[in-house]
Amino acid sequence: MSILKSFIVFEGLDGAGTTTQARNLARYYEFNSRAYYATAEPTSNPIGRLVRDVLQKKVITTPLSLAYLYAADRSDHLYNPTYGIDRILREERIVISDRYFYSSLAYQGVECDKMLIRTINDFPHPEVLIFIDTPVEDCIARIEKRGEEKELFDRENFLRSVRDNYLEELKRLPEGVNLLVVDGRKSIEETESEIRRFLSSLSL
Ligand code: TYD
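Only a predicted model underlies this, so the values are computations on that prediction, with no experimental measurement involved.

(A) Quick peek at the site of the ligand. If you check the shell around the ligand, you find 13 residues, and the closest are Asp14, Arg74, Arg99, Ser104 and Gln108. Aspartate 14 places a side-chain nitrogen or oxygen 2.7 Å from an oxygen atom of the ligand. In the model, a nitrogen atom of the ligand is placed 2.7 Å from a nitrogen or oxygen of the glutamine 108 side chain. Protein contact buries 86% of the 550 Å² of open area that the ligand shows by itself. Secondary-structure elements contributing two or more residues to the shell around the ligand are helix 2 (46–55), helix 3 (63–79) and helix 5 (101–111). Broken down by element, the shell around the ligand gets its largest block of residues, four residues, from helix 5.

(B) Just the side chain of asparagine 80, in detail. The residue asparagine 80 is located in the loop between helix 3 and helix 4 (85–90) in this model. In this structure the side chain of asparagine 80 is engaged in a polar contact, spanning 2.8 Å, whose partner is the backbone nitrogen of threonine 82. A polar side-chain atom of asparagine 80 sits 3.1 Å from a polar atom in the side chain of tyrosine 83.

(C) Spatial organisation of the sheet that holds strand 4 (residues 125–133). An order of 2-3-1-4-5 is seen for the five strands of this open sheet, with the pairing classed as parallel. Only two strands of the sheet have a single partner each, and these edge strands are strand 2 (36–40) and strand 5 (178–183). Sheet twist, expressed as the average angle between the axes of neighbouring strands with direction ignored, equals 20°.

(D) Broad picture of helix 5. Burial within helix 5 is extensive, with nine of its 11 residues counted as buried. Those residues of helix 5 lying buried are Phe101, Tyr102, Ser103, Ser104, Leu105, Ala106, Tyr107, Gln108 and Gly109. Contact partners of the buried residues in helix 5: strand 1 (3–12), helix 3, helix 6 (114–120), strand 4 and helix 8 (156–170).

(E) Seen up close, the packing of helix 5 against helix 8. In the contact formed by helix 5 and helix 8, the axes pass within 8 Å of each other and the chain directions differ by 130°. In terms of axis orientation, helix 5 runs oblique to helix 8. Every pair of crossing elements has a handedness; the one defined by helix 5 and helix 8 is right-handed. Packed against helix 5, whose contacting residues are Tyr102, Ser103, Leu105, Ala106, Tyr107, Gly109, Val110 and Glu111, the element helix 8 presents Phe158, Leu159, Ser161, Val162, Asn165, Tyr166 and Glu169 at the interface. A per-class count over the contact of helix 5 with helix 8 returns nine nonpolar, four polar and two charged.

Quick notes on the rules
Residues numbered from 1 in each chain as written. Predicted model: local features only at pLDDT ≥ 70, side-chain atom pairs only at ≥ 80, totals over all residues. Heavy atoms only, no water. Near = heavy atom within 4 Å. Polar contact = N/O pair within 3.5 Å; in protein donor to acceptor, adjacent residues only side chain to side chain. Areas by Shrake-Rupley, 256 points an atom, 1.4 Å probe, with all protein chains shown as cover. Helix = DSSP H or I, 4+ residues; strand = E, 2+ residues; numbered from the N terminus. Pairing = 2+ DSSP bridges. Axes fitted to C-alpha atoms, helices over the stretch in contact; angles between N-to-C directions. Buried < 20%, exposed > 50% of the residue type's maximum accessible area, 1.4 Å probe, protein only. Contact = heavy atoms within 4.5 Å. Parallel < 35°, antiparallel > 145°, perpendicular 65-115°, else oblique. Left-handed = near helix turned anticlockwise from the far one by under 90°. Nonpolar A, V, L, I, M, F, W, Y, C, P; charged D, E, K, R; others polar.

As structure tokens, this is what we get:
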């Protein structure tokens, strides 16, 4: 099982706060003149844009083809010769990603066969996985407050199953992945400093 050193992944339910925390960590590295690269999945590359079109129902397809699209977007995200994470890590930069293949195991695992989702997501694990654990009710309240047009996945029962899948997958992590589970109900600042303490203990 391979592990990508200096690769930090944020995961959580929609509304959990992964985007805020990933962005704040990037700012912190910026402030400290650390070489880093901040990215997210689905990406803004062509396959990722197609994924977003499916989420916004501009393109209609099946849950299984969507699962393959996420995996294709991820493969490109990792191995693209120009902007691939793999290449950026070799430049000795820290890579921060807002979501990675654990999102597929958790989200696509609700409607598709989990074994198949695991098979098509046989990607290397990150050195650090930060799971922001925010209760479903809080996530729903935040999503509603944002007032964004709801994408396919903003549904309560669905998010409950996603959370169960996440918890199941976190138990299956191989040795060498440093997992931090943070309570997403804490303030942004508290969570942020908990994350920084954890990362600095790993010299990141
Ligand atoms: P997200 O980046 O959280 O949305 P935004 O930045 O637009 O708020 O991701 C979009 C949705 O895609 C989110 O509901 C989670 C879902 N998703 C999957 O279902 N599988 C995946 O593999 C990934 C990366 C995301």
